[in-house]
Amino acid sequence: MKHYSAFAVAREALRSHTGWERAWRSPEPKKRYDVIIVGAGGHGLATAYYLGKNYGIQNVAIIEKGWLGGGNTGRNTTIIRSNYLQDPSAAIYEKSRSLYEHLSQDLNYNLMFSPRGVIMLAQTHHEVRGYQRTAHANALQGVSTEWIGPQRVKELVPIINLEGPRYPVLGGLWQERGGTARHDAVAWGYARACSAMGMDIIQKCEVTGVRSDQGRVVGVDTAKGAIECEKLGIVVAGHSGQLAEMAGFRLPLEAVALQALVSEPIKPCMDVVVMANTVHGYMSQSDKGEMVIGGGTDGFNNFTQRGSFHHIEETVRALVETFPMISRLKMLRQWGGIVDMTGDRSPILSKTPLGNCFINCGWGTGGFKAIPGSGWGMAQLMATGHSPLTEAFTLDRFKEGRFIDESVAAGVAH
Ligand SMILES: Cc1cc2nc3c(=O)[nH]c(=O)nc-3n(C[C@H](O)[C@H](O)[C@H](O)COP(=O)(O)OP(=O)(O)OC[C@H]3O[C@@H](n4cnc5c(N)ncnc54)[C@H](O)[C@@H]3O)c2cc1C
């Protein structure tokens, strides 16, 4: 793999960009791999990357039914933060956020990580108490967050309306090193690094069955034939229920659509991410100038990756009262992704009832921020059978009642 650098850009500019090579190979599947990962979203690719980098396991295939990063990883609004309430959540999300700080250098791929700061607005007294509690919990967990009053919110976001018609802004939970990154680049960066290690990324190849023998996984059936493996990782977000059914177990998950939209590009007007959970909307400004806007999930199960007028109306109404200056903006695009929601709004990173079959799912509306940390922990779990990062997130917790309740931190969505 050729190294990307300023020197390489200059060199290629001088020779009409004829020297760039493909970022990743597109091989045909081999008959057998040590590890198969189903799903080439961020979590699947990061799992494969850290299996190779941290444990030297490189005979790996990542099998994807569509194109890599074409699931939720390429559809999200890219918010990165780690201000969760419970200790296991803070540990994995903060590991992730801290990996993001140097991930561009690690992958030699510009992820456009932008730690511009994230504010979660408190607009009811209940939220004030909730976020102050989270700020105290974060202080104990070593996660840097701060409770700020309305005047500080106004300094950080001059376009905000503190006196909303329904709910005034009473303060906010501020994470200065939270922010955004370019979502496709995260998938592409991991894919390029995996391919460089000799791993096979097999796109347009749906997994249609899971093969087992005496309670252990032995391979998968795919659109390109059967492939054997020693270990299997299922990392397919909103389609986890289907894959689990193929493997012979059930998951406590619901698949619902989550939508987002972007406006036409405008001049820079907001350089932090703002989430307004009570009125139900959040917004940031992309490097192109578009306002990136998201709201809540559909209230019913479905697999349609598209938007709906009902959601635009509800989300835009919430944001217009929070930022009146956007009321004349034209909206450019709207889309949806299928997210996998657990009852306690925390993920599942776990062994499964099928031997040597592991599952990583349940990130719901907020897993983009968790991609590096989740990949790190999942790789450790798959390679060694145990990871401190994932030990609380087992499937058993739903039987044993050990819920990791993050319904407040999950907020409006992310
Ligand atoms: C609109 C929207 C906004 C969001 N905003 C944020 C945000 O701001 N911040 C944040 O942290 N998170 C956000 N999220 C959530 C985040 O996008 C997801 O949690 C995360 O991307 C999940 O990554 P993944 O790799 O698990 O899944 P995906 O990226 O969905 O990857 C799973 C892959 O599995 C493949 N697959 C499925 N079935 C099969 C099969 N049978 N065979 C082979 N491959 C299969 C799919 O094609 C897909 O590519 C948002 C999500 C949406 C939809």
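Okay, so let's go over this structure. All of these numbers come straight from a predicted model, not from anything done at the bench.

A look at the sheet that holds strand 16 (residues 331–342)
Reasoning step 1: An order of 5-6-4-13-14-15-12-16 is seen for the 8 strands of this open sheet, with the pairing classed as mixed. The open sheet is flanked by strand 5 (146–148) and strand 16, the only strands paired with a single partner. When strand polarity is set aside, the average angle formed by the axes of neighbouring strands in this sheet is 25°.
Reasoning step 2: Sheet analysis places strand 4 (residues 118–122) next to strand 6 (residues 171–175), joined by 5 bridges and oriented antiparallel. Residue pairing across strands places L121 opposite G172, the latter belonging to strand 6.

Notes on the nonpolar core
Reasoning step 1: Within the largest apolar cluster, 115 residues are counted, with the highest numbers of intra-cluster contacts made by I36, L45 and I62.
Reasoning step 2: Those residues in contact with L45 that lie beyond four places of it in its chain are A40, I62, L68, A187, Y190, A191 and C194.

Overview of the pairing of strand 13 (residues 273–276)
Reasoning step 1: Residues of strand 13 alternate between two faces, with V273 and M275 on one and V274 and A276 on the opposite face, all of them buried.
Reasoning step 2: As paired elements, strand 4 and strand 13 share 4 bridges and run parallel to each other. Bridge pairing links I119 to V274 in strand 13.
Reasoning step 3: In this sheet, strand 14 (residues 281–285) lies alongside strand 13 in antiparallel orientation, the contact comprising 3 bridges. Bridge assignment links M275 to a residue of strand 14, and that residue is Y282.
Reasoning step 4: Hairpin connection, strand 13 to strand 14: the antiparallel pair is bridged by 4 residues, and H280 has positive phi, about 80°.

A few points about the site of the ligand
Reasoning step 1: Around the ligand, the surrounding shell holds 40 residues, and the nearest of these are G39, G41, G71, G337 and G367.
Reasoning step 2: Of all the secondary structure elements, the ones that give two or more residues to the shell around the ligand are helix 2 (42–55), strand 12 (253–265) and strand 16.
Reasoning step 3: Broken down by class, the residue content of the shell around the ligand amounts to 14 nonpolar, 21 polar and 5 charged.

What to know about the pairing of strand 9 (residues 207–213)
Reasoning step 1: Sheet topology places strand 9 next to strand 10 (residues 216–222); 6 bridges connect them, and they run antiparallel. Bridging from a neighbouring strand, V210 pairs with V220 of strand 10.
Reasoning step 2: Between the antiparallel neighbours strand 9 and strand 10 lie 2 residues, among them Q214 with a positive phi of about 50°.

Side note on helix 9 (residues 371–384)
Reasoning step 1: Counted at 1.5 Å a residue, the expected span for helix 9 with its 14 residues is 20 Å, and the 20 Å between its end C-alpha atoms agrees.
Reasoning step 2: For helix 9, the buried fraction is high: 12 of the 14 residues fall into the buried class.
Reasoning step 3: Burial in helix 9 covers these residues: I371, P372, G373, S374, G375, W376, G377, M378, A379, Q380, L381 and M382.

Considerations on the environment of T390
Reasoning step 1: As for its position among the elements, T390 is in the loop between helix 9 and helix 10 (397–400).
Reasoning step 2: Assessed through the 26 C-beta atoms surrounding it within 10 Å, T390 is described here as buried.
Reasoning step 3: For the pair T390 and A185, spaced 205 residues apart in sequence, the C-alpha separation works out to 25 Å.
Reasoning step 4: Contact partners of T390, with chain neighbours within four places excluded, come to L349, G377, M378 and L381.

As for helix 3 (residues 87–107)
Reasoning step 1: For helix 3, with 21 residues, the first-to-last C-alpha span of 28 Å sits near the 30 Å given by 1.5 Å per residue.
Reasoning step 2: Of all bends in helix 3, the biggest is about 50°, found at E101.
Reasoning step 3: Among all positions of helix 3, only P88, S89, A90, A91, I92, Y93, E94, S96, R97, Y100, L103 and L107 are buried.

Quick notes on the environment of D34
Reasoning step 1: As for its position among the elements, D34 is in strand 1 (residues 32–38).
Reasoning step 2: Residue classification places D34 among the partly exposed positions, given that 13 C-beta atoms sit within 10 Å.
Reasoning step 3: In this structure, the C-alpha to C-alpha distance between D34 and C229, residues 195 residues apart in sequence, is 5.3 Å.
Reasoning step 4: With residues up to four places along the chain from it excluded, the contact list for D34 reads I57, N59, V60, E230 and K231.

Criteria and thresholds
The residue numbers shown here count from 1 along each chain, following its written sequence. pLDDT decides what is reported in this predicted model: residues at 70 or higher carry local features, side-chain atom pairs at 80 or more are listed and counted, and totals for whole chains, interfaces and linings draw on all residues regardless. Should DSSP find at least two bridges between two strands, the strands are regarded as paired. Put simply, DSSP marks the helices as runs of H or I at least four residues long and the strands as runs of E at least two long, and each gets a number from the N terminus on. Helix axes use the C-alpha atoms of the stretch in contact, all axes being lines fitted to C-alpha atoms, and the angles between their N-to-C directions lie in the range 0 to 180 degrees. The term nonpolar core means buried Ala, Val, Leu, Ile, Met, Phe, Trp, Tyr and Cys residues held together as one set by C-beta atoms within 7 Å. Exposure classification rests on a simple neighbour count of other C-beta atoms within 10 Å of a residue's own: a residue reaching 20 or more is buried, one at 12 or fewer is exposed, and one in between is partly exposed. C-beta atoms are placed from the backbone. We call two residues in contact if the C-beta atoms placed from their backbones are at most 7 Å apart. Residue proximity rests on one test: whether the C-beta atom, placed from the backbone, lies within 6 Å of the molecule or strand. Gly counts as polar in this scheme, as do all residues outside two lists: the nonpolar Ala, Val, Leu, Ile, Met, Phe, Trp, Tyr, Cys and Pro, and the charged Asp, Glu, Lys and Arg. Helix span, expected: 1.5 Å multiplied by one less than the number of residues in the helix. Bend at a given residue is defined as the angle between two axes, one fitted to the seven residues that end at that position and one fitted to the seven that begin there.

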